[in-house]
Amino acid sequence: MGRLVVAALLPVPRVPPRKMAVAVRGAEELELLERLLGLPGGNKYGVQGERKVPVLQSNSGPGLRGLMTIAAHLVRQARKEQLLGSTAEEKAVVQQWLEYRVTRVNGGSSKEETRTILKDLNMHLEDKVYLAGNIFTLADILMYYGLHHIMVDLTVQEKEKYLNVSRWFNHIQHYPGVRQHLSDVVFIKNRLYTNAH
């Protein structure tokens, strides 16, 4: 006989910007996204279970569960479906990077996992402006939020090693409305030395 597991919804306190935890996670990301999309706010977010999966609580039926699901719902609510991709291929690529974001970047990344993530992204972004090619999408927004705490801690040499990620990240952090109260990650624009002989 199956067992019914009931998970408690834990409220996520609103944290003033100056005291925000270094890593932006789940419910906080959804609040940032809500503001970016120009939605009025007021949604009640919580987290569920050991992995602290974001939940959008609803008074009129079952809530929504999961970062990707809730984020896509907010995009549709704001009538900005272009952030989910326009063509079937773009939609698939956006979905692919959202899945990567939740399955790889959300984990308790070790140094080795972080290097693998940055290497993967660096190769992918070699000939692209955005994750889905030439269009800014929800994947760029959520990947930016997920990587912010990693990029803040990289040395200048590490940022240079992952040059395509650094270029992309710097571009996204300056995209209107994305960064909000998150700290600006500094990138050196002029190299002090070259490898030319």
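This is a predicted model, so every value here is computed, not measured. (Residues numbered from 1 in each chain as written. Predicted model: local features only at pLDDT ≥ 70, side-chain atom pairs only at ≥ 80, totals over all residues. Heavy atoms only, no water.)

Draft legend 1. Main features of the overall build of the protein chain. Scanning the protein chain from terminus to terminus reveals seven helices and four strands. Written out in order from the N terminus, the α and β elements of the protein chain read β-α-β-β-β-α-α-α-α-α-α. Here the protein chain holds 197 residues, and the buried ones make up 42% of them. Taking all contacts inside the protein chain whose residues are at least 6 apart in sequence as the whole, residues at least 24 apart take part in 65%. (Helix = DSSP H or I, 4+ residues; strand = E, 2+ residues; numbered from the N terminus. Buried < 20%, exposed > 50% of the residue type's maximum accessible area, 1.4 Å probe, protein only. Contact = heavy atoms within 4.5 Å.)

Draft legend 2. Representation of the pairing of strand 3 (residues 53–57) within the structure. Note that strand 2 (residues 44–48) and strand 3 share five bridges and pair antiparallel. When the bridges of strand 3 are listed, G46 appears paired with V55. Two successive antiparallel strands, strand 2 and strand 3, enclose a turn made up of four residues, where G49 displays a positive phi of approximately 75°. In this structure, strand 3 lies alongside strand 4 (residues 64–65), joined through two bridges in antiparallel fashion. Residue V55 lies in a different strand from strand 4, and its bridge partner there is R65. (Pairing = 2+ DSSP bridges.)

Draft legend 3. Quick peek at the packing of aromatic side chains. All chains considered together, the criterion is met by seven aromatic pairs. Ring centres of Y144 and F169 lie 4.7 Å apart, and the angle between their planes is 35°; on these two criteria the pair is classed as tilted. On the criterion of sequence distance, the pair formed by Y144 in helix 5 (residues 138–153) and F169 in helix 7 (residues 163–173) is long-range, its members being 25 residues apart. The two residues Y144 and F169 agree in class, both being buried. Above the ring of F187, the side-chain terminus of K159 is found at 5.1 Å from the ring centroid. (Phe/Tyr/Trp six-rings, centres within 6.5 Å; stacked < 30°, edge-to-face > 60°. Lys NZ or Arg CZ within 6 Å of the ring centre and 35° of its normal.)

Draft legend 4. The arrangement of the side chain of D140 in detail. You can see D140 is positioned in helix 5. For the buried D140, no salt bridge exists, and the shortest N-O distance to an oppositely charged side chain is 9.1 Å, to R167. Here the side chain of D140 touches L131 through a polar contact of 2.9 Å, landing on its backbone nitrogen. Of note is the side chain of D140, whose polar atom sits 2.8 Å from the side chain of W168. Setting aside its immediate chain neighbours within four residues, D140 contacts Y130, L131, I135, W168 and I172. (Lys, Arg positive; Asp, Glu negative; His and termini not counted. Salt bridge = Lys/Arg side-chain N within 4 Å of Asp/Glu carboxyl O. Polar contact = N/O pair within 3.5 Å; in protein donor to acceptor, adjacent residues only side chain to side chain.)

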